[in-house]
Amino acid sequence: MNKTLPLNGVRVIEICNVAAGPFCSMLLGDMGAEIIKLENPGSGDTLRAWPPHTGPKNDLLSENFASLNRNKKSVCLDLKNNAENEMAKKLISTADVLIENNRPGVMKRLGLDYETLHTLNPKLIYCSISAFGQKGPRSTEGGFDVTIQAMSGIMSVTGEAGGAPVKCGVPVSDFAAGLYGAMSICAQLRSVENGGEGTHIDVPMLGTSLAIAALQTSEYFGTHLDPVKLGSAHPRNAPYQAFRAKDDYLVMAAGTQSLWENVCRILSSESLLEDERFSSTALRAQNQVALKNLIEIILQNDDAKIWIQKFSEAGIPCCPINNYSSALMDKQSVAMGWIQPLEMANGHMTKTLGPPIQFDGIVSPIRLRPPRLGEHNDEIMKALK
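Here's what I pulled together on the structure shown here. Small disclaimer: the values here were computed from a predicted structure and weren't measured.

**Structural notes on the overall build of the protein chain**
Now for step 1: For the protein chain, the count of helices and strands is 16 helices and 15 strands.
Now for step 2: Expressed as lengths along the three principal axes of its C-alpha atoms, the size of the protein chain is roughly 80 × 50 × 40 Å.
Now for step 3: Evaluated residue by residue, the protein chain yields a buried proportion of 43% over its 385 residues.
Now for step 4: Here the protein chain displays about 19,800 Å² of accessible surface, and carbon together with sulfur accounts for 56% of that area.
Now for step 5: Averaging the coordinates of the 36 positive side-chain charges in the protein chain and doing the same for the 40 negative ones gives two points 4 Å apart.

Here it is in structure tokens:
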């Protein structure tokens, strides 16, 4: 299987901690690249300390770390030690890609900045992921997912109107940066393959968080008004949100006129079609609070499961609000083979969400379990001598 993966033969060096950088390199590893993770001796990637830890009591390992570090090899080097720093440079000279997510300035102090390494390896694609980017007035400031969600505006549109600030439950700023980084690296690999030189890719979490908010930024540019919190509702579509049925909530999205007409038919409330407030998508969005109240009065007549079935059979997108146990065990998740068994380095068997993408109907297998700290020192370093 490895020979058929698109990035087979590409060597990536990762000098990263926690989420954005490790996720970026894992995506490349899932596509067949060899990922060599350089970690500090002692504790290594700080994500190794994050719970839950599983396995024998005398050998507990982090499943959070495992979820972002499959298909990688771990090498321990003290980059502040001159001899080990030179070994790192020698290793990087054999690589196609380097990914780092340190605060700007750190890699230069270590003598591992792009300019230095470009001289050693002109074909090297050097990807820096940071909070704000490599230049500009905030470049030296640190940041984590929650602070970037706040800075980027994501938190300003998350939650219920009038409610306290809340972040998105998934670390979207971290993972958006990782996705942008992986996509940019793949594009540059093609350029190098066609005879070009390496380059320095600057991935700012603030910028990528703004970029995935295209609908919100375009709303501001078009109206000069800040988008606001709408809970589960949509500023331009209705009915398109969570609704309370007799026993539980459901989410229904009827974003077209024909779907809206079907909703009225299922609700046995064709009179809503004659209400001028709801005669177009724009008017339904404008009057969606009143519309939600009217719909929920009818939904109180039956349980959510029954309404979901009725709406779905009529072709109206409608579903429960799953917790993760339900989402992971949904028949579609199972049928697509997204959940894969994962062996930890201590022998504990767990599961993980593997690559969700298929090539010719095949999901890429997990080739390497998450590594122990420094597990591959001998293998990698012997090859350099």
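After presenting the structure, the write-up continues.
**Comments concerning the pattern of salt bridges**
Now for step 1: As enumerated under the stated definition, the model contains 15 salt bridges in all.
Now for step 2: Where lysine 37 meets aspartate 45, a salt bridge forms, and the shortest distance between an N and an O atom there is 2.9 Å. Each member of the pair, lysine 37 as well as aspartate 45, carries the same accessibility label: buried.
Now for step 3: Where lysine 292 meets glutamate 296, a salt bridge forms, and the shortest distance between an N and an O atom there is 3.2 Å. Note that lysine 292 and glutamate 296 are positioned in helix H12 (residues 288-299) at a spacing of 4 residues, about one turn of the helix.
Now for step 4: For lysine 292, a relative accessible area of 23% puts it in the partly exposed group.

**Describing the sheet that holds strand S9 (residues 240-244)**
Now for step 1: Within the open sheet, the 3 strands sit side by side as S9-S10-S11. Their pairing is antiparallel. Looking at strand neighbours, the two that pair on one side only are S9 and strand S11 (318-320), the edges of this open sheet. This sheet shows a mean twist of 25° between the axes of neighbouring strands, independent of strand direction.
Now for step 2: Inspection of the sheet shows strand S10 (residues 249-253) paired to S11 by 3 bridges, in the antiparallel sense. Each residue of the ladder has a partner; that of leucine 250, found in S11, is proline 320.

**What to know about the environment of leucine 294**
Now for step 1: Take leucine 294: it is sitting in helix H12.
Now for step 2: The class for leucine 294 is partly exposed, based on a relative accessible area of 31%.
Now for step 3: Sequence separation of leucine 294 and glycine 181 is 113 residues, and the distance between their C-alpha atoms is 46 Å.
Now for step 4: Discounting residues that sit within four places of it in the chain, leucine 294 has contacts with Leu272, Arg277 and Phe278.

**With respect to the nonpolar core**
Now for step 1: Residues Val12, Leu28, Val97, Ile99, Ile129 and Ile185 are the most contacted members of the largest nonpolar core, which totals 26 residues.
Now for step 2: Mapped by element, the contributors of at least two residues to this core are helix H1 (20-30), strand S6 (97-100), strand S7 (125-130), helix H7 (172-193), strand S8 (200-204) and helix H8 (205-211).
Now for step 3: In terms of residues, this core owes the most to one element, H7, which gives 5 residues.
Now for step 4: Counting 25 residues, the second-largest nonpolar core is a separate cluster that includes Leu259, Trp260, Leu299 and Ala314.

**With respect to the pairing of strand S12 (residues 339-343)**
Now for step 1: Across the two faces of S12 the burial differs, with Gln340 and Leu342 buried and Ile339, Pro341 and Glu343 not buried at all.
Now for step 2: In this structure, the hairpin formed by S12 and strand S13 (residues 349-353) is closed by a connection of 5 residues, where glycine 347 is found at a positive phi of approximately 90°.

**Brief notes about the layout of surface pockets**
Now for step 1: Put simply, the second largest pocket is a space of about 660 Å³.
Now for step 2: What lines the second largest pocket is a set of 27 residues, among which Gln216, Leu230, Ala233, His234 and Pro235 lie closest to the centre.
Now for step 3: For the lining of the second largest pocket, the secondary structure elements donating two or more residues are helix H9 (214-223), S9 and S10.
Now for step 4: It is H9 that contributes the most residues to the lining of the second largest pocket, 4 residues altogether.
Now for step 5: Considered class by class, the residues forming the lining of the second largest pocket number 14 nonpolar, 9 polar and 4 charged.

**A closer look at unusual backbone geometry**
Now for step 1: Here proline 51 and proline 52 are connected by a cis peptide whose omega angle stands at 5°.
Now for step 2: Locating proline 52 in the fold gives a position in the loop between strand S2 (34-39) and strand S3 (53-54).
Now for step 3: With a phi angle near 55°, aspartate 360 is a residue other than glycine that sits in the positive phi range.
Now for step 4: You can see aspartate 360 is positioned in the loop between strand S14 (358-359) and strand S15 (362-363).
Now for step 5: A relative accessible area of 80% means that aspartate 360 is categorised as exposed.

Reading the values: the criteria
Residues numbered from 1 in each chain as written. Predicted model: local features only at pLDDT ≥ 70, side-chain atom pairs only at ≥ 80, totals over all residues. Heavy atoms only, no water. Helix = DSSP H or I, 4+ residues; strand = E, 2+ residues; numbered from the N terminus. Buried < 20%, exposed > 50% of the residue type's maximum accessible area, 1.4 Å probe, protein only. Areas by Shrake-Rupley, 256 points an atom, 1.4 Å probe, with all protein chains shown as cover. Lys, Arg positive; Asp, Glu negative; His and termini not counted. Charge placed at Lys NZ, Arg CZ, Asp CG, Glu CD. Salt bridge = Lys/Arg side-chain N within 4 Å of Asp/Glu carboxyl O. Pairing = 2+ DSSP bridges. Axes fitted to C-alpha atoms, helices over the stretch in contact; angles between N-to-C directions. Contact = heavy atoms within 4.5 Å. Core = buried A, V, L, I, M, F, W, Y, C linked by side-chain atoms within 4.5 Å. 1 Å grid on protein atoms, 1.4 Å probe; cavity = no way out; pocket = protein on both sides within 12 Å on 5 of 7 lines; lining within 4 Å. Points joined across faces, edges and corners; volume = space filled by probe spheres on them. Nonpolar A, V, L, I, M, F, W, Y, C, P; charged D, E, K, R; others polar.

Take it as geometry only, folks, not as evidence of what the structure does.
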